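# Chains, contacts and geometry: an overview
The primary structure of each chain is shown beneath.
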Amino acid sequence: MLWLLRLLLWLLLPPPGSPEPPEPPGLAQLSPGAPPQAPDLLYADGLRAYSAGAWGPAVALLREALRSRAALGLARRDCGASCATEPGAALPAQPLGAPQPVSGSGTWEPLLLRATLRRAECLTQCAARRLGPGGAARLRVGGALRDAFRRREPYNYLQRAYYQLKKLDLAASAAHTYFVANPTHLQMREDMAKYRRMSGVRPQSFQDLVTPRYWAAYDTGLELLGQQEAAPALPKLEEALQGSLAHVESCRASCEGPEEQQGAEEDEEEGSQGGLYEAIAGHWIRVLRCRQHCVADTATRPGRSFPVPDFLPSQLRRLHEAYAQVGNVSQAMENVLSVLLFYPEDEAAKKALNQYQTRLGEPRPSLGPREDIRRFILRSLGEKRQLYYAMEHLGASFKDPDSWTPESFIPKALREKLREDQEKRPWDQEPPQTKPLTYWKDVLLLEGVTLTQDAQQLNGSERAVLDGLLTPAECGALLQLAKDAAEAGARSGYRGRRSPHSPHERFEGLTVLKAAQLARAGTVGRAGAKLLLEVSERVRTLTQAYFSPERPLHLSFSHLVCRSAIEGEQEQRMDLSHPVHADNCILDPDTGECWREPPAYTYRDYSGLLYLNDDFKGGDLFFTQPNALTVTAQVRPRCGRLVAFSSGGENPHGVWAVTQGRRCALALWHTWAAEHREQEWTEAKELLQEEEEEEEEEEEEEILSRDPSPEPPSHKLQRVQDKAGKPLRVREEL
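Let's shift gears to the overall build of the chain. Tallying secondary structure elements over the chain gives 23 helices and 17 strands in all. Counting over 734 residues, the chain shows a buried share of 44%. Long-range contacts, defined as pairs at least 24 residues apart, comprise 73% of the intrachain contacts of the chain with a sequence gap of at least 6. When the accessible surface of the chain is summed, it comes to about 38,200 Å², and 53% of that surface belongs to carbon and sulfur atoms.

Within this structure, the stated rule accounts for seven disulfides. Two residues share a disulfide in this structure: Cys475 and Cys639, whose sulfurs sit 2.0 Å from each other. Residues Cys475 and Cys639 share a disulfide whose torsion about the S-S bond is about 95°; that sign makes it right-handed. Taken as a pair, Cys475 in helix α20 (residues 472–487) and Cys639 in the loop between β11 (631–635) and β12 (642–646) lie far apart in primary sequence, 164 residues in all. Residue classification places Cys475 among the buried residues on the basis of a relative accessible area of 2%. The exposure class of Cys639 is partly exposed, given its relative accessible area of 26%.

As a further point, take the nonpolar core. The tendency in soluble globular proteins is for nonpolar side chains to be buried side by side. Core analysis: the largest hydrophobic core is formed by 44 residues, its most contacted members being Leu469, Leu478, Leu532, Val535, Leu560 and Leu610. Sort the elements by how many residues they give to this core and helix α22 (residues 526–547) lands first, with nine residues. The contact partners of Leu610, leaving out residues within four places of it in the chain, are Leu469, Leu470, Val535, Val539, Gly640, Arg641, Leu642, Ala665 and Leu666. Membership of the second largest hydrophobic core comes to 40 residues, among which are Ala233, Leu241, Cys290 and Tyr356.

Further remarks concern unusual backbone geometry. Even without glycine at this site, Arg152 takes up a positive phi of about 65°. Mapped onto the secondary structure, Arg152 falls in the loop between α6 (143–150) and α7 (153–164).

Here the structure, examined in full by the defined rule, presents 31 salt bridges. Residue Asp78 pairs with Arg130 through a salt bridge whose shortest N-O separation is 3.2 Å. Of this pair, Asp78 sits in helix α3 (residues 55–85) while Arg130 is found in helix α4 (residues 108–131), placing the two residues 52 residues apart along the sequence. Assessed through its relative accessible area of 35%, Arg130 is described here as partly exposed. Where Lys350 meets Glu347, a salt bridge forms, and the shortest distance between an N and an O atom there is 3.6 Å.

Looking now at α7. For an α-helix, 3.6 residues make a turn, and residues three or four places apart therefore share a direction. The first and last C-alpha atoms of α7 sit 17 Å apart over 12 residues, in line with the 16 Å expected at 1.5 Å per residue. In terms of burial, α7 is largely enclosed, as nine of its 12 residues are buried. Of the positions making up α7, those classed as buried are Glu153, Pro154, Tyr155, Asn156, Leu158, Gln159, Ala161, Tyr162 and Tyr163. Phi turns positive, to about 65°, at Lys166, one or two residues after α7.

Okay, the packing of aromatic side chains next. For the structure on display, the rule yields 19 aromatic pairs. Ring centres of Tyr606 and Trp672 lie 5.7 Å apart, and the angle between their planes is 80°; on these two criteria the pair is classed as edge-to-face. Of the two residues, Tyr606 sits in strand β8 (residues 606–611) while Trp672 sits in the loop between β15 (662–671) and α23 (679–706), which places them 66 residues apart along the sequence. Judged by relative accessible area, which is 4%, Tyr606 ranks as buried. Put simply, the rings of Tyr214, Trp215, Tyr218 and Phe311 pair up and form one aromatic cluster. Sitting over the ring of Phe206, Arg196 keeps its end group 4.1 Å from the ring centre.

Next up on the list: the side chain of Asp454. Considering the arrangement of structural elements, one finds Asp454 in the loop between β1 (450–453) and β2 (463–467). With no salt bridge to any partner, buried Asp454 finds its closest opposite charge in Arg463, at an N-O distance of 10 Å. Among the polar contacts listed, one links the side chain of Asp454 to the backbone nitrogen of Gln456, at a separation of 3.2 Å.

Per the stated rule, a full pass over the model turns up three cavities of 30 Å³ or more. Every residue lining the second largest cavity is listed: Val248, Arg252, Arg291, Gln292, Val295, Phe376, Arg379, Ser380, Glu383 and Asp402. Ranked by residues supplied to the lining of the second largest cavity, first place goes to helix α17 (residues 371–394) with four residues. In terms of residue class, the lining of the second largest cavity is made up of three nonpolar, two polar and five charged.

With that settled, the discussion passes to the sheet that holds β15. If you trace the seven strands from one edge of the open sheet to the other, you get β1-β2-β12-β8-β15-β4-β3, paired in antiparallel fashion. The open sheet terminates on both sides in strands that have one partner only, identified here as β1 and β3 (505–511). Recorded for the sheet is a direction-independent mean angle of 25° between the axes of neighbouring strands. Bridge count between β2 and β12: four bridges; the pairing is antiparallel. Bridge pairing in β12 links Ala464 to Ala644.

Moving on, we come to the confidence of the model for the chain. The predicted coordinates should not be examined in detail at positions where pLDDT is low. Averaged over the chain, the pLDDT score is 79; the fraction of residues at 70 or greater is 78%. Within the chain, the lowest mean pLDDT, 32, falls on strand β17 (residues 727–731), and the highest, 96, falls on β8. Low pLDDT, under 50, characterises residues 1–30; the predicted model gives this stretch 58 contacts beyond four residues in sequence or across chains. Counting interchain partners and residues more than four positions distant, the pLDDT-below-50 stretch residues 706–734 has 33 contacts.

Taken together, four strands build an open sheet; the order of strands is β5-β13-β10-β11 and the sheet is antiparallel. Pairing within the sheet leaves two strands with one partner each, and these edge strands are β5 (578–581) and β11. Within the sheet, the average angular offset between the axes of one strand and its neighbour, ignoring direction, is 20°. Sheet topology note: the strand β10 (residues 621–624)/strand β13 (residues 653–655) ladder contains three bridges and is antiparallel. In the sheet register, Phe622 faces β13, and the bridge partner there is Gly654.

The rules behind these values
Sequence order sets the numbering: in each chain, residues are counted from 1 along the sequence as written. At least 70 in pLDDT is required for a residue's local features to be given in this predicted model, at least 80 for side-chain atom pairs to be given and counted, and no such filter applies to totals for whole chains, interfaces and linings, which use all residues. For the side-chain quantities, the full set of heavy atoms in the structure was used; hydrogens and water were omitted. Numbering of helices and strands runs from the N terminus; a helix is a DSSP stretch of H or I covering at least four residues, while a strand is a stretch of E covering at least two. Under the scheme applied here, a residue whose accessible area is under 20% of the maximum for its type counts as buried, over 50% as exposed, and between as partly exposed, the area being computed with a 1.4 Å probe on protein chains only. The contact rule is simple, with two residues in contact once any of their heavy atoms fall within 4.5 Å. Working definition of accessibility: Shrake-Rupley area with a 1.4 Å probe, residue cover restricted to the visible protein chains. Any pair of cysteine sulfurs within 2.5 Å is marked as a disulfide. For this analysis, a nonpolar core means a set of buried residues of the types Ala, Val, Leu, Ile, Met, Phe, Trp, Tyr and Cys, connected via side-chain atoms within 4.5 Å. Put simply, a salt bridge is a Lys or Arg side-chain nitrogen that is within 4 Å of an Asp or Glu carboxyl oxygen. One less than the residue count of a helix, multiplied by 1.5 Å, gives the span that helix is expected to have. Centre distance within 6.5 Å is the pairing criterion for rings of Phe, Tyr and Trp, where only the six-membered ring of Trp is used; planes under 30 degrees apart are then read as stacked, over 60 as edge-to-face, and the remainder as tilted. Counted as over-ring charges are cases with an Arg CZ or a Lys NZ within 6 Å of the ring centre that also lie within 35 degrees of the ring normal. Residues scored as positive are Lys and Arg, those scored as negative are Asp and Glu, and His as well as the terminal groups of each chain are ignored. Definition of a polar contact: a pair of N or O atoms within 3.5 Å, with one able to donate and the other able to accept a hydrogen when the atoms are protein atoms, and with sequence-neighbouring residues admitted only if both atoms are side-chain atoms. Lining residues are defined by having an atom within 4 Å of a point belonging to a cavity or pocket. Those points lie on a 1 Å grid over the protein atoms alone, cavities being sets where a 1.4 Å probe fits but cannot get out and pockets being open sets with protein on both sides within 12 Å along at least five of seven lines. Grid points are joined across faces, edges and corners, and a volume is the space filled by probe spheres set on the points. Polar here means any residue other than Ala, Val, Leu, Ile, Met, Phe, Trp, Tyr, Cys and Pro, which are nonpolar, and Asp, Glu, Lys and Arg, which are charged; Gly is therefore polar. We call two strands paired when DSSP finds no fewer than two bridges between them. All axes are obtained by fitting lines to C-alpha atoms, using only the stretch in contact for helices, and the reported angles, taken between N-to-C directions, cover 0 to 180 degrees. Per-residue confidence from the predictor is given as pLDDT, running between 0 and 100.

See the structure below:
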């Protein structure tokens, strides 16, 4: 145990000399000389100003939030480095007059705790000098805000605010910065295309304000190497390596921040951490895990989910090859020896080392691996040893991000389990098997209906696209119904001229009951209103057959909706026809949660969209991940195409802007709860039946007036009353 504690003390004093990364570009300080303010408060105030349309204050507050957060990270890194090298921050000497401790098991305890207190004092004073009263604790950043900054959300708001202020170059720069980290964001992709078409935006405005500079150096170096230009590639490769190591140091400094402690406190709410030393060990393990993950964080490009494999060793390999090409064998040897620190048995590196030694001609004992890499590996191995010890003896969890960790560092009791975990593949856990298409041909019961895409093809769960539910003639009849109703002024639910979701579109809605009432009044054709009822029941039958064959589904609401692009307002449009949402819960993109509570329609279980036409631009349906940003699937409307899916947070979806023409679809929601079935559908059916019965009665009276002979008793029509007192016509069975 003593060796572990000595190593802990050694790690409290990291070696000096680590290179410092430059301050992130593009964050000009708006209040020179003033200490930074709390980023979360600035960001909240910025969003409030944005919502109020106060674009100037919104820009100032959002930029200050970015600057404040950057200043906080820089202060932590600098204070950590300064306190580690300060003479007084080392293990303190015994106070005058204090008895010398007797060697034994307890001698390390006062030294460790006093060193910890001294380091804490140094860090607190440094933070107060850099950040103002309260230091880093005053600028604590919550998890939700950290995620928002990681996703570069402030730049999304900034680009829109700059656009409103007619500062198009700045808007394009902010948009590009956001898009780099969110390359699947369809709306931003469209915005970027619009900025590139604008005459007032210069090409150099499309710059990334956030991505660390080592990525540009890394890419340039690789490109030059690919062109066999080793000499100009070397400075770029060295810049990339130094920048990568500096980014690791900055990340490690953030692992000790107040927000990490806050996250630990939240994790501990459900249970006790034990006594003093258990709490110290628990916090130290979390810090070590965070530090170990910093290499993967450094190796992950913005907008990517996975790190570049073997990021640091691969840079060293390219460096030793480039140095060899320009004839600098000593530097080549230094870098290949650094590769061998990661992988001592790497055959290619050992072969290159032998070649370099042969070219040098005589032994060079002074040549060794790079000092910065040697320190990095020694420190990392020391932390790994402690984490594996905690796994074996304290039940801690740790997933080693590095493939180069020597097996000897892993306790024998853990090696087999870790090997099994590493060898696991996603297909080891087989997903539910999709039923064959022949099954659905039997289930769907409708001739001509085909399953076009299932959930797997749509990259989600409980999603399906089915074609052939309507003939072209039926699509035409329903389109005519919507047109006739709109001309009659029936906009059920949305009586305004513009859509409730976008000011750039008109929205027309027609319920089944309103259609039946208009048909009764002769405003629209009865055949169209009757078809609307029939088609909605057709969709319900298919949705139940596909998703819920053992549990009946009821129609909850049916709505024939048309969205029309308003001419003259599409040129620089930057919104969606319908924002991303879920149908039975309130989606929170920041946390990925979907709260199934009012005002959401919590009783909705399945949704369906039956399209009537495709002669328009835009208007595609798309699904996203719970963050409402990453698009997972997109569906183009066409006549008779049904997109059906479960209504919960597993299927966030939105509609791309309709930029030309008129898009019509029948939107339907289904429920398992019988008490929430659509009463208007039943009323509409009864209303249309009454009209049919009245017409039949008129026809019969007309026939009787021409033929006075009595009808045979077995064919007489009997009139009965239903519970509501309405007359119903029923025929006796022969």
